[in-house]
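Geometric and topological summary
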Amino acid sequence: MTPTPMNAEFASQLLGWKVVRNGNLMPNTADSDNEASKIIAATVLDKLAVPRGIPTGVTDPKSGRPLERAVALSLRQELPHLDHGRQWHVHDAPVPISSFVQYSHLKEVDRLVRTNAELRITLGRDYLIKPDVVVSLPGRTENELPFLHAAVSCKWTIRSDRVQNIRHENNQMIRHRRERLPHLVSVTAEPLPSRLVAIARGTGEVDAVYHIAYGALATAVTELGASGKIQAAQVDAWDECVALGRVRPFPELAQTIARW
């Protein structure tokens, strides 16, 4: 059996060097205010054989769209090969979860909420979620809405507010679904283990976090930790991510989705 690759095929196309305000180059996943983030991100680029000294990769990753498109394209290509017996549909344009059979009742809920101020105050409208990437399957009958099979949240990097946003949206999907819960995952390029572990820990709001440069990051953290260039806390955080099994190589995502 061929071993699963540890980095996404598109990792070296998205990850690279960006020009910052002082004219210097910095990894496009690094936090400019965090030295460990910059050191680890630069070493990850070395492991991916991304050349130093020239701007490469995604120049404006903050929008998240390049990552979303790359994830969706990868799943469109891989899922039919892994399970050609099912009609896979992968969407990277915003699709509300109410478009799928498990959440179709939210259309009526929203109609009632929009016409009743008291309900708007009590319930809010944060159940109207549009995942970054959606994998669906046809309904069981010709007239039934499609089934939401997986909802993928794409986060170029991880900050505390983004972690809470992922947890909140997934909790809404857990709370409001009818029938089986879709696979709820996140994909990221975050280089700092202490931020990755913040989302890897938890009580099940996220099934797993898939890293697009998992292999390069694992090697970078090990080498930098052994040389003393990063604090032991970052190595410990990475070890915890691996031990929890909640941070995984991106190439495993399609395999996991296809097995459900």
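Residues numbered from 1 in each chain as written. Predicted model: local features only at pLDDT ≥ 70, side-chain atom pairs only at ≥ 80, totals over all residues. Heavy atoms only, no water.

So, the overall build of the chain
To keep things clear, this is the line we draw: Each helix corresponds to a stretch of at least 4 residues labelled H or I by DSSP, and each strand to a stretch of at least 2 residues labelled E; elements are numbered beginning at the N terminus. Accessibility here uses a 1.4 Å probe with only protein chains present; expressed as a share of the type maximum, an area under 20% marks a residue as buried, one over 50% as exposed, and anything in between as partly exposed. We call two residues in contact whenever any of their non-hydrogen atoms come within 4.5 Å of each other. Per-residue accessibility takes into account occlusion by the displayed protein chains alone, with areas from the Shrake-Rupley method and a 1.4 Å probe.
A tally of helices and strands in the chain yields 10 helices and eight strands. Expressed as a percentage of the 260 residues in the chain, the buried residues total 47%. For the chain, contacts bridging at least 24 residues in sequence account for 70% of all contacts bridging at least 6. When the accessible area of the chain is evaluated, it comes to approximately 12,900 Å², of which 50% is carbon and sulfur surface.

Some points on empty space enclosed by the protein
Applied cut-off: Of the grid points, spaced at 1 Å and generated over the protein atoms alone, those admitting a 1.4 Å probe that cannot get out make up cavities, while open sets with protein on both sides within 12 Å along at least five of seven lines make up pockets; any residue with an atom within 4 Å of a point is treated as lining. Grid points are joined across faces, edges and corners, and a volume is the space filled by probe spheres set on the points. All amino acids are sorted into three groups, where Ala, Val, Leu, Ile, Met, Phe, Trp, Tyr, Cys and Pro are nonpolar, Asp, Glu, Lys and Arg are charged, and the leftover types, Gly among them, are polar.
According to the stated counting rule, one finds one cavity of 30 Å³ or more in the structure shown. Of the volumes computed, that of the largest cavity is approximately 50 Å³. Lining the largest cavity are Leu15, Thr29, Ala41, Val44, Leu45, Ala189, Glu190, Pro191, His211, Ala213 and Leu217. Ranked by residues supplied to the lining of the largest cavity, first place goes to helix H2 (residues 35–47) with three residues. Grouping the constituent residues of the lining of the largest cavity by class yields eight nonpolar, two polar and one charged.

Notes on the pattern of salt bridges
Side-chain pairing between opposite charges can occur once the charged atoms of the two side chains come close. Basically, it comes down to this: Any carboxyl oxygen of Asp or Glu that lies within 4 Å of a side-chain nitrogen of Lys or Arg is treated as forming a salt bridge with it.
Counted according to the given criterion, the structure contains 12 salt bridges. Note that arginine 86 and aspartate 83 form a salt bridge whose closest N and O atoms lie 2.9 Å from each other. Given a relative accessible area of 25%, arginine 86 falls into the partly exposed group. A salt bridge links arginine 140 to glutamate 179; the nearest nitrogen and oxygen atoms lie 2.8 Å apart. Highlighted residues: arginine 140 in the loop between strand E4 (133–137) and strand E5 (147–155) and glutamate 179 in the loop between helix H6 (160–176) and strand E6 (183–188), separated in sequence by 39 residues. Shared partners join several salt bridges into a network, and the residues in it are Arg140, Glu144 and Glu179.

Side note on the sheet that holds strand E7 (residues 208–211)
Adjacent strands of a sheet form backbone hydrogen bonds with each other and so pair up, either parallel or antiparallel. Put simply, the rule is: Strand pairing follows a simple DSSP-based rule, namely that at least 2 bridges must link the two strands. Each axis is a line fitted through C-alpha atoms, taken for helices only over the stretch in contact, and angles between the N-to-C directions span 0 to 180 degrees.
Here we have six strands laid out as an open sheet, ordered E3-E4-E5-E6-E7-E8, and mixed in their pairing. Every other strand in the sheet has two partners, leaving strand E3 (89–91) and strand E8 (247–249) as the edge strands with one partner each. Between one strand and the next, the sheet's axes are offset by a mean angle of 25 degrees, whatever the strand orientation. Note: E3 against E4, three bridges, orientation antiparallel. Residue pairing in the sheet places valine 90 in a bridge with valine 135 of E4.

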